Amino acid sequence: MTTTATASQKGEAANYADISALTQAARAAARTFATATTRVKNDALEAIAQAIIDKADTIIAANGQDMERERAAGMSEGLLDRLALDQTRLEAIAAAVREVIALPDPVGRVVRGTVTADGLSVTQVSVPMGVVGMIYEARPNVTIDAAALALKAGSAVILRGGSAAEKSNEAIVAVMRAALESQGLPADLVSTVDPWGRAGARAMMRARGGIDVLIPRGGAGLIRTVVEESLVPVIETGTGNCHIYVDADADLAAAERIVMNAKTQRVGVCNAAETLLVHADSADVFLPLAVRALTEAGVTIHACDKTRDIMATVEGVDSARIVAATEEDWGTEYLSLDLAVRVVPSIDEAIDHIRKWSSGHTEAICTRSTHSARRFRAELDSAAIAINASTRFTDGGQLGLGAEIGISTQKLHARGPMGLEELTTTTWIIEGDGDIRP
């Protein structure tokens with residue numbers, strides 16, 4: 001039975017009976033899949049990876065419709081870049097699925113165990129979540145990443161990918177469902193509420209008992225809505241107002257490379273740098289070098305007064321790309337070629353600034369001082385701290401986790417890049433021999 005809604009239902013009020021049937025089908029599929037062997041799961045993922053390549057033309061054509069529509073609607077270049085799929089990106093996505101295949105199976109792992117004084121054998125063992133719900137925006141690669149991770153972790157997944165990637169996700173989900181069926185597995189291990197639009201997302205948030213955990217991934221508004229309105233337990237991912245602090249004792253050449261990579265390598269991602277803080281002792285030398293390189297790369301600098309004063313004396317810099325920073329800039333996740341820049345008198349001021357404005361994602365320090373590095377690491381409270389490295393490394397693939405389902409900025413259960421282990425829960429196994437509690 002196919003339980004994914006038809007396209008004709010798009011824009012209608014959610015038929016909660018139909019969505020209930022979808023979640024029930026996902027739960028039934030998850031129950032049968034919970035006992036799947038590692039080989040069965042890996043074969044399913046290999047079928048999905050190969051199908052992505054085999055059906056690349058279909059997926060790219062569907063993505064082209066989304067790109068054309070969103071470009072005409074005025075979507076920013078940074079977000080268009082996140083939406084875009086081509087042959088190279090699909091091959092990279094298929095490779096990421098195969099990286100998940102190579103990872104250890106997280107199910108059945110003994111977390112801890114003991115033998116009690118009464119002679120009971122007690123073990124805590126990792127088990128599948130059951131049904132994972134994912135609500136996200138304009139990133140069709142997440143459709144595949146989320147499915148691959150959920151399947152390897154022994155769970156079913158229900159997706160809501162957003163209207164911007166409507167055609168892309170429709171094609172991708174169809175490809176994955178067919179690949180599962182080719183392996184004799186239920187297609188309902190992967191399903192979507194996209195045809196119901198936002199009403200489908202609301203139904204997911206109310207599906208307590210049907211969906212075991214809900215993961216939002218996207219802008220601050222989406223995440224806040226899910227956290228505040230969901231009846232289903234939520235693992236909160238965070239926006240990426242990421243900071244780089246260039247200390248008084250930094251290697252300035254290395255710092256320039258780090259800033260350029262963190263800001264310009266890919267702008268529409270949550271681990272791109274959005275604010276640069278520079279110690280006053282480094283500013284006169286560092287800012288002319290860094291700001292020139294950034295503006296030549298098309299970055300607009302939202303500069304504090306001190307930064308503007310320094311840059312006013314530097315020749316050959318496009319002054320039109322240097323604008324006065326506002327209070328709002330310090331809290332903005334641009335996802336574009338924009339960077340807020342502030343000169344600070346001390347590391348204390350840098351830490352205070354980050355504490356006030358950070359979203360808790362990733363902060364980086366450029367320094368040769370072990371004392372400064374130790375303070376930065378100990379006094380800030382973000383999911384990731386980078387020392388003399390780009391913020392762009394906060395990524396599941398880069399950290400050896402394979403594809404990630406999101407970056408968690410909360411402190412319960414999962415924090416930082418969420419991979420396979422974060423998509424499992426645990427069961428306590430208590431083994432006795434007719435034992436009763438005295």
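Small disclaimer: the values here were computed from a predicted structure and weren't measured.

What counts, and where the lines are drawn
- Residues numbered from 1 in each chain as written.
- Predicted model: local features only at pLDDT ≥ 70, side-chain atom pairs only at ≥ 80, totals over all residues.
- Heavy atoms only, no water.
- Salt bridge = Lys/Arg side-chain N within 4 Å of Asp/Glu carboxyl O.
- Helix = DSSP H or I, 4+ residues; strand = E, 2+ residues; numbered from the N terminus.
- Buried < 20%, exposed > 50% of the residue type's maximum accessible area, 1.4 Å probe, protein only.
- Domains from an automatic or database assignment.
- Contact = heavy atoms within 4.5 Å.
- Buried area = accessible area lost by both parts, 1.4 Å probe.
- Expected span 1.5 Å × (residues − 1).
- Bend = angle between axes of the 7 residues up to and from the residue.
- Core = buried A, V, L, I, M, F, W, Y, C linked by side-chain atoms within 4.5 Å.
- Phe/Tyr/Trp six-rings, centres within 6.5 Å; stacked < 30°, edge-to-face > 60°.
- Pairing = 2+ DSSP bridges.
- Right-handed = clockwise from strand over helix to strand, strands pointing away.

Draft legend 1. Highlighting the pattern of salt bridges. Enumeration according to the criterion identifies 20 salt bridges in this entry. Among the ionic pairs, E421 bridges to R109, the shortest N-O distance being 3.8 Å. Residue E421 is located in the loop between β15 (416–417) and β16 (424–431), and its partner R109 is located in the loop between α5 (87–102) and β1 (110–115); the two are separated by 312 residues in the primary sequence. The partly exposed category is assigned to E421, whose relative accessible area is 46%.

Draft legend 2. Local environment of the domain arrangement of the chain. Examined at the domain level, the chain breaks down into domain 1 (19–235 + 417–429) and domain 2 (242–400). A separation of 33 Å is found between the C-alpha centroids of domain 1 and domain 2. Tallying the contact residues gives 8 residues for domain 1 and 10 residues for domain 2. The junction of domain 1 with domain 2 conceals about 690 Å² of combined surface from both sides, 54% of it contributed by carbon and sulfur atoms.

Draft legend 3. Main features of helix α11 (residues 280–296). The terminal C-alpha atoms of α11 lie 23 Å apart, and with 17 residues this matches the ideal 24 Å at 1.5 Å per residue to within 8%. At F286, α11 shows its strongest bend, of approximately 50°, with the proline P288 following within four residues.

Draft legend 4. Local environment of the nonpolar core. Ranked by internal contacts, the top residues of the largest apolar core, which has 74 residues, are V190 and I405. Not counting residues up to four positions away in its chain, the partners in contact with I405 are V132, M134, A146, L149, I215, R217, M418 and L423. Ranked by size, the runner-up nonpolar core spans 36 residues in total, among them F286, L294, V314 and I322.

Draft legend 5. Seen up close, the packing of aromatic side chains. Following the criterion strictly, the structure yields 1 aromatic pair and no others. Considering the side-chain rings of Y245 and F376, the 6.4 Å spacing of their centres and the 15° angle between planes classify their relative orientation as stacked. Of this pair, Y245 sits in strand β7 (residues 242–246) while F376 sits in helix α14 (residues 370–379), and the two are 131 residues apart along the sequence. For the residue pair Y245 and F376, the accessibility class agrees, reading buried in each case.

Draft legend 6. Structural detail: unusual backbone geometry. The residue L335 is not glycine, and still its phi comes out positive at about 55°. The phi angle at N388 is positive, at roughly 55°, despite the residue not being glycine. Tracing the backbone through its elements, the reader meets N388 in the loop between β13 (384–387) and β14 (407–408). Overall, N388 belongs to the partly exposed group, its relative accessible area being 42%.

Draft legend 7. The side chain of H302, seen in detail. With respect to the helices and strands, H302 occurs in strand β9 (residues 300–303). When sequence neighbours within four positions are dropped, the list of residues in contact with H302 reads V323, A325, D329, W330, Y334, D338, L339, A340 and V341.

Draft legend 8. Looking closely at the pairing of strand β4 (residues 156–160). Counting buried positions along β4 yields 5 of 5 residues, so the element is predominantly enclosed. Burial along β4 is two-sided: the residues A156, I158 and R160 and V157 and L159 are all buried. The pairing of strand β3 (residues 131–136) with β4 spans 5 bridges and is parallel. Bridge pairing links M134 to L159 in β4. At this point the chain moves from β3, through helix α6 (residues 140–152), to the parallel β4, and the crossover so formed is right-handed. You can see the chain leave β4, run along helix α7 (residues 166–182) and come back into strand β5 (residues 190–192), and the turn it takes is right-handed.

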